[in-house]
Amino acid sequence: MTTLFSLANKRVLITGSGRGIGFLMAKGLAEAGAEVIINATTQEGADKAAAALQQQGFKAHAVAFDVTQSAAVNAAVEKIESEIGPIDVLVNNAGIQRRRPFLEFPEQDWNDVIAVNQTAVFLVSQAVARQMVTRQQGKIINIGSMQSELGRDTITPYAASKGAVTMLTRGMCVELARYNIQVNGIAPGYFKTEMTQALADDEAFTSWLCKRTPAARWGNPEELIGAAVFLASKASDFVNGHLLFVDGGMRVAV
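Note that the coordinates shown come from a computational prediction; the quantities given were computed from them, not determined experimentally.

Draft legend 1. Here's a closer look at the side chain of T15. Relative to the assigned elements, T15 resides in the loop between β1 (11-14) and α1 (20-31). For T15, a relative accessible area of 2% puts it in the buried group. Among all residues touching T15, those that are not within four sequence positions of it are N39, V67, L90, V91, N92, N93, A94 and V124.

Draft legend 2. Looking closely at the pairing of strand β5 (residues 138-143). Within β5, six of the six residues are buried, which leaves it mostly tucked inside the rest of the structure. Here β5 shows two buried faces, one formed by G138, I140 and N142 and the other by K139, I141 and I143. By the bridge criterion, four bridges tie strand β4 (residues 89-92) to β5 in an arrangement that is parallel. Residue pairing in the sheet places N92 in a bridge with N142 of β5. With respect to chirality, the unit in which β4 leads through helix α4 (residues 107-135) into the neighbouring parallel β5 is right-handed. Pairing analysis gives six bridges linking β5 to strand β6 (residues 181-188), with the strands arranged parallel. Paired with I143 across the two strands is I186, which belongs to β6. Crossover handedness for the path β5 to helix α5 (residues 156-176) to β6: right-handed.

Draft legend 3. Highlighting the sheet that holds strand β7 (residues 243-246). Within the open sheet, the seven strands sit side by side as β3-β2-β1-β4-β5-β6-β7. Their pairing is parallel. The sheet is open, and its two borders are formed by β3 (60-64) and β7, each paired with just one other strand. With direction set aside, neighbouring strand axes in the sheet form an average angle of 20 degrees.

Calculation criteria
Along every chain, residues carry numbers that run from 1 in the direction the sequence is written. In keeping with the predicted nature of the model, local features appear solely for residues at pLDDT of at least 70, side-chain atom pairs appear and are counted solely at 80 or more, and the whole-chain, interface and lining totals rest on all residues. Calculated side-chain values reflect all of the structure's heavy atoms, with hydrogen atoms and water omitted. Per the convention used, a helix needs a DSSP run of H or I reaching at least four residues, while a strand needs a run of E reaching at least two, with both numbered from the N terminus. Type-normalised accessible area, obtained with a 1.4 Å probe on protein chains alone, sets the label of each residue: buried when under 20%, exposed when over 50%, and partly exposed for intermediate values. Residue contacts are defined here by distance: any two heavy atoms, one from each residue, within 4.5 Å place the two residues in contact. Pairs of strands are assigned from DSSP output, requiring at least two bridges between the strands. A crossover gets the label right-handed when its path from the first strand over the helix to the second runs clockwise, viewed with the strands pointing away from the viewer. Angles here are taken between N-to-C directions and fall from 0 to 180 degrees, while the axes themselves are lines fitted to C-alpha atoms, restricted in helices to the stretch in contact.

Structure, rendered in structure tokens:
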């Protein structure tokens, strides 16, 4: 059983892992034995996160690149493959949020959300999958959201982008499974992070959330690690095109 979930000798690239949930996932995957590649928009941010992991005895590298720019993505993936080693697992974690009523939502904010949450998943997955196909193996994990299937006030573009991630996951599965590549997603519910801090500080919202969620609480970011390890490991070799909800049961409750 230990071997089934081991990530020893696996190299994992996690986008947007300089901080927040991405960094926690990187740490969790490293604890399972993986050699992790930290990605951030700045080299300073990536270096800082990688150094923190290295100080704990984990194998970590820092590679900064803009996940929304195809030239930068292709160059970075080529650099990783040639200088660090083959990417066995890709975690598309980079994401942003913008909150405005739909009728007041600025076009530029829409473009930014779609670029990071949707287009980047396509660009990075395509660049990495081309290498995985030649090796006839690999795993891609896309970070969706409970809003992949549910709507909510002020975040319509975010929900649209995460809904697209669901269909990217399914479409990539259909086309890549024949090459022994598993493509799955993780859909977090409400977790206490920098992105949701304002909501967590809102007593009325937290009260509503606890009543609405069968688990009756916010999720802790560390609780996403097990799902990531499962989908990155041999344990999920016949799991493909699946969206794993980690939401305390909120999506299925009336």
